[in-house]
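# Observations on chain architecture
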Amino acid sequence: MVKVQSLAVTVLGRVFSGASLTEVLQETWRSNPLLTPQQRGAIQDLTYGALRYYGQLDAILNLLLAKALHDLNLRYLLLINLYQLHYSKAPPYAIVDHAVTTARLLSDKRGAPGLVNAILRNFLRRSTALWGEAERDDVGKYSHPQWWIDKLRKQYPEHYEAILNADNQHPCMTLRVNTRKIEVAAYQKMLDEHGIGAGWVWGSALKLVQPLPIERLPGFSEGLVSVQDAGAQLAAPFLDIQDGMHVLDACAAPGGKSAHLMELAKIRLTALDSDVQRLTRVIDNFARLGNKPDRVICGNALHPAEWWDGELFDRILADVPCSASGVVSRHPDIKWLRRLTDVTAFADNQEKILETLWQLLKRGGKLLYITCSVFKEENGQLIKRFLQKQSDAYVLPLSHPAMDQGQLLPNASYNGFFYALFGKR
Ligand SMILES: C[S@@+](CC[C@H](N)C(=O)[O-])C[C@H]1O[C@@H](n2cnc3c(N)ncnc32)[C@H](O)[C@@H]1O
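Conventions and cut-offs
- Residues numbered from 1 in each chain as written.
- Predicted model: local features only at pLDDT ≥ 70, side-chain atom pairs only at ≥ 80, totals over all residues.
- UniProt positions renumbered as here; feature names shortened; annotations may be inferred.
- Helix = DSSP H or I, 4+ residues; strand = E, 2+ residues; numbered from the N terminus.
- Rg over C-alpha atoms; globule rule 2.2 N^0.38 Å.
- Buried ≥ 20, exposed ≤ 12 C-beta atoms within 10 Å, placed from the backbone.
- Core = buried A, V, L, I, M, F, W, Y, C linked by C-beta atoms within 7 Å.
- Domains from an automatic or database assignment.
- Near = placed C-beta within 6 Å.
- Nonpolar A, V, L, I, M, F, W, Y, C, P; charged D, E, K, R; others polar.
- Contact = placed C-beta atoms within 7 Å.
- Expected span 1.5 Å × (residues − 1).
- Arc of directions from axis to C-beta.

The name an unreviewed UniProt entry assigns to the protein is 16S rRNA (cytosine(967)-C(5))-methyltransferase, from the organism Nitrosomonas nitrosa. Taken verbatim from the UniProt record of the protein, the Sequence similarities (unreviewed entry) comment is "Belongs to the class I-like SAM-binding methyltransferase superfamily. RsmB/NOP family." According to UniProt, the comment filed for the protein under the heading Catalytic activity (unreviewed entry) is "cytidine(967) in 16S rRNA + S-adenosyl-L-methionine = 5-methylcytidine(967) in 16S rRNA + S-adenosyl-L-homocysteine + H(+)".

## Quick look at the overall build of the protein
Along the backbone of the protein there are 17 helices and 13 strands. Relative to the globule expectation of 22 Å for 425 residues, the C-alpha radius of gyration of the protein, 23 Å, shows essentially globular dimensions. For the protein, the spread of C-alpha atoms along the three principal axes comes to 70 × 50 × 40 Å. Counting every position in the protein, which comprises 425 residues, the buried fraction comes to 41%.

## Focus on the nonpolar core
Counting 78 residues, the largest nonpolar core has Ala235, Ala250, Ile316, Ala318, Leu367, Leu368 and Tyr369 as its most contacted members. Tallying contributions element by element places helix H16 (residues 340–358) first for this core, with six residues. There are two domains that each give this core at least three residues, and those are domain 2 (174–227) and domain 3 (235–424). Among the nonpolar cores identified, the runner-up in size contains 40 residues, and Leu12, Leu77, Ile95 and Val96 belong to it.

## A short note on the site of the ligand
Near the ligand there are 20 residues, and of these Cys251, Gly256, Asp275, Ala301 and Asp319 occur at the shortest range. Elements with a minimum of two residues in the shell around the ligand: helix H13 (256–264) and strand S6 (268–273). Of the residues assigned to the shell around the ligand, the class counts are eleven nonpolar, four polar and five charged.

## Points about unusual backbone geometry
In this structure, Pro254 follows Ala253 across a cis peptide bond, with omega equal to 5 degrees. Along the chain, Pro254 falls in the loop between strand S5 (246–249) and H13. In this model, Asp240 sits at a positive phi of 55 degrees, which is unusual for a non-glycine residue.

## Some remarks on H13
Judged by how many residues are buried, H13 sits mostly within the fold: seven of nine residues are covered. By the burial criterion, the buried members of H13 are Gly256, Lys257, Ser258, Ala259, His260, Leu261 and Met262.

## Thoughts on the UniProt feature "active site" (unreviewed entry) in the protein
As annotated by UniProt and renumbered to match this structure, "active site" (unreviewed entry) occupies Cys372. Along the chain, the position of Cys372 falls in the loop between strand S9 (361–371) and helix H17 (380–389). Accessibility expressed as a C-beta count within 10 Å gives 26 for Cys372, which makes it buried. Cys372 has contacts with Cys322, Ala324, Gly326, Val327, Asn415, Gly416 and Phe417, leaving out every residue within four places of it along the chain.

## Side note on helix H14 (residues 276–289)
Between its terminal C-alpha atoms H14 stretches 20 Å, which fits the 20 Å expected from 14 residues at 1.5 Å a residue. Taken together, the buried positions of H14 are occupied by Leu279, Val282, Asn285, Phe286 and Leu289. Projected onto a plane normal to the axis of H14, the buried residues spread over an arc of 110 degrees and lie on a single side. Opposite the buried face of H14, by more than 90 degrees, sit the exposed residues Val276, Gln277, Asp284 and Ala287. If you follow the buried residues of H14, they end up packed against H13, S6 and strand S7 (295–298). Downstream of H14 by a residue or two, Gly290 has a phi angle that is positive, lying close to 70 degrees.

Following this line, the structure appears as structure tokens:
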């Protein structure tokens, strides 16, 4: 447990210096190959949990500290232990003992173990009152940065609390059944025979009752199924493709939506992405599914002259880089890494990408603009400006029971996405 706690502290330190949690965890597994699956699971639980509830935990820690604590390692150690004391079923005194031993290793200050012991025991004595006190302000209550809460409150006066609460839930695991290989009902029956509970969400999406390792999914390596959020699974059907079409997925990696497109029709697909590392995952994904796009290109959507052969596209999928404010339940680090100014910077770049890709679309063609964001600057406000500028663009209707004006808000079955389908005159 001491090793688990020390590594969790190091991971949190790197995330708070600006690195992505997913990437730091992958590096941690690579540099510590002897970690058991249980140890990995525990590190994941501590770091995801501490980040998910960081607003609350940090507020409580500040209430418990008599003076500022500048030793960041000790601070992170206390946060993960407050998280454990509140959210895990492990015996509290065992948690405190491990924390004290870890403090001895992490800090060269003689008083560190005593301080950790005193703070955690104090928390155990007063936890209900402390929790109530911490929740008196927004950040302690909703565990998001204040600017984020303010923005959502302004943009969604009726729904902001539901969004913030959905962000703080454990994400579900949803599968996309490859209907080229098996029908949804037949795959659900297969899951049932393997003792895996799942419910139908929409289209080819099945939500598992309990998340599980992909190796346990029947037919996964044969490409019968992929893991993909139900909200992301709207993209390919919305693009309205038919056999023989020339299609561009302009921001394709890691390839979830590209793969779905190819499961729906026999198209000539160009999968483009500017990140070569992420593109290797597109290739791996397709290898497993036994399919492959016409072309996989490492290139910048903003500079088509560098990669485009001049043949216009029938359909374009523009799943643009965004603040990812709709996928916080899967990536709780995002809410602490983003800054208010990032939102407008993303929107500027998204608008440029959309305008550039528009030039590559045939007349009569369709372009689907997607973000996994709930902020209106990246969504409704941006498409309004785009339509004012592009006289040959018009909006095509999209409908889904969980969506309102293209915006899907995060909930227990969906991540947050925004969709706008444009037709070209
Ligand atoms: C939201 S992700 C795409 C997810 C993907 N469509 C899927 O479903 O698996 C956005 C992608 O855009 C890529 N990207 C960012 N800027 C780009 C640009 N200027 N040109 C092409 N790709 C870009 C990123 O590398 C990232 O892989």
